Amino acid sequence: MQLLRNLINGITHENIARRIAWMYAAFFGILFPTLIASYLLLPEGILRGKHPLISQLELAPTLLTSTLQITGYNLMPLLLIIAANLIAQKSKIVPEKFVPLGYSALWMITLIFALYTGTWSFEVVTAAPPLHERLLRMFNLTQRSGLLELSAYLLAAAASFKATLWFSDGKRIVRSLKPRELHLSRAEVGVLALALVLLCCAALIESRSILQLSQ
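Residues numbered from 1 in each chain as written. Predicted model: local features only at pLDDT ≥ 70, side-chain atom pairs only at ≥ 80, totals over all residues. Heavy atoms only, no water.

A. Quick peek at the layout of surface pockets. Taken as a whole, the second largest pocket spans an internal volume of roughly 320 Å³. Along the wall of the second largest pocket there are 16 residues; nearest its centre are E14, F161, K162, F167 and R175. Of the residues that constitute the lining of the second largest pocket, the class distribution is 7 nonpolar, 3 polar and 6 charged. (1 Å grid on protein atoms, 1.4 Å probe; cavity = no way out; pocket = protein on both sides within 12 Å on 5 of 7 lines; lining within 4 Å. Points joined across faces, edges and corners; volume = space filled by probe spheres on them. Nonpolar A, V, L, I, M, F, W, Y, C, P; charged D, E, K, R; others polar.)

Right, dumping it as structure tokens:
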């Protein structure tokens, strides 16, 4: 329980560097166990074609256009996270803290990515590598886009932490702010800009990889 208290205090810390560090701790704490469990327990490819948007996405055959398509698609969850951060809910573990709902959206995206990687259910069909390769290849940032994309979402969530307008106790709004009362620090604005850059880089890497496999 103390670990959870430390986690809640960390991801809601005033200092953005502390928030990011604890967010990554939670991120990997969700990613790796879910990926390993899905690899061991679920059939390979079980989720392929199940995503209503990805399964219908048809990419252009040129690098620039397909990169723009992927960037536009990936902007949707990033904007969803930022929008969800407008509302924060009181933590049941640390009652004096309010946790933005955008964090929950980030954990759900992380969970889905872990399940897709663990079951190797990506839409572009390739030979499924063994578990250790699935874990290691994520850190090949010049060839694999997953960790960059998820980092963009994580940084956006952490950077927009102070953009909350409505604070809820789970039943009602107990406090609200006006938009003019919101102020992001230079560091938070800079991290948000970095998130957008990482998202574009991830789209470029993913587009290049898909085009190479389709040739």
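B. Layout of a nonpolar patch on the surface. Together, I36, L40, L41, L42 and I46 make up a nonpolar patch on the protein surface, roughly 470 Å² of accessible area in all. Following the sequence through the fold, I36 ends up in helix α2 (residues 16-41). Look at I36 and you get partly exposed, because its relative accessible area is 31%. (Patch = residues over 30% accessible without salt bridge, like charges linked within 9 Å, V, L, I, M, F, W, Y side chains within 5 Å. Areas by Shrake-Rupley, 256 points an atom, 1.4 Å probe, with all protein chains shown as cover. Salt bridge = Lys/Arg side-chain N within 4 Å of Asp/Glu carboxyl O. Helix = DSSP H or I, 4+ residues; strand = E, 2+ residues; numbered from the N terminus. Buried < 20%, exposed > 50% of the residue type's maximum accessible area, 1.4 Å probe, protein only.)

C. A look at the side chain of E188. Along the polypeptide, E188 turns up in helix α7 (residues 186-214). The buried category is assigned to E188, whose relative accessible area is 1%. Ignoring anything within four residues of it in the chain, the contact list for E188 reads I16, R19, A159, K162 and H183. (Contact = heavy atoms within 4.5 Å.)

D. Fine view of the nonpolar core. With 40 residues, the main nonpolar core has M23, Y103, L106 and Y153 as its most contacted residues. Broken down by secondary-structure element, the contributors of at least two residues to this core are α1 (2-11), α2, α3 (63-84), α4 (101-119), α6 (146-159) and α7. Here the element with the most residues in this core is α6; it accounts for 11 residues. (Core = buried A, V, L, I, M, F, W, Y, C linked by side-chain atoms within 4.5 Å.)

E. Expanded view of unusual backbone geometry. We note that W120 has phi near 50°; this positive angle belongs to a residue other than glycine. With respect to the secondary-structure elements, W120 resides in the loop between α4 and α5 (131-137). Owing to a relative accessible area of 5%, W120 belongs among the buried residues under this scheme.

F. How the structure looks around the sheet that holds strand β4 (residues 173-176). Spatially, β2-β1-β3-β4 is the arrangement adopted by the 4 strands of the open sheet, whose pairing is mixed. Single-partner strands in this sheet number two, and they are β2 (98-100) and β4. On average, each strand axis in the sheet is inclined to that of its neighbour by 30°, with strand direction left out of account. One ladder, built from 3 bridges, connects strand β3 (residues 166-168) with β4; its direction is antiparallel. Directly across from W166, in β4, lies its bridge partner S176. Relative to β2, α4 is tilted by about 50°, and along the sheet it contacts β1 (87-90) and β2. (Pairing = 2+ DSSP bridges. Axes fitted to C-alpha atoms, helices over the stretch in contact; angles between N-to-C directions.)

G. Quick peek at the packing of α2 against α4. Two elements in contact, α2 and α4, have axes separated by 8 Å at closest approach and are oriented at 35°. α2 and α4 meet at a crossing whose hand is right-handed. On α4, the residues that touch R19, M23, A26, F27, I30, L31, T34, L35, S38 and Y39 of α2 are Y103, L106, W107, T110, L111, F113, A114, L115, T117, G118 and T119. Of the residues that constitute the contact of α2 with α4, the class distribution is 14 nonpolar, 6 polar and 1 charged. (Left-handed = near helix turned anticlockwise from the far one by under 90°.)

H. The packing of aromatic side chains, seen in detail. In total, this model carries 10 aromatic pairs according to the counting rule given. Ring geometry for F32 versus F139: centroids 6.5 Å apart, planes at 40°, classification tilted. Placement of the pair is F32 in helix α2 and F139 in the loop between α5 and α6, with a sequence separation of 107 residues. Taking relative accessible area as the criterion, F139 reaches 43% and is therefore assigned partly exposed. Geometrically, the ring pair formed by W120 and F122 is edge-to-face, given 5.2 Å between the ring centres and 85° between the ring planes. (Phe/Tyr/Trp six-rings, centres within 6.5 Å; stacked < 30°, edge-to-face > 60°.)

I. A look at the pairing of β1. In the sheet, β1 pairs with β3 via 3 bridges, with the strands oriented parallel. Paired with Q89 across the two strands is S168, which belongs to β3. As defined by bridge partners, β1 adjoins β2 across 3 bridges and the pair is classed as antiparallel. Residue A88 lies in a different strand from β2, and its bridge partner there is P100.

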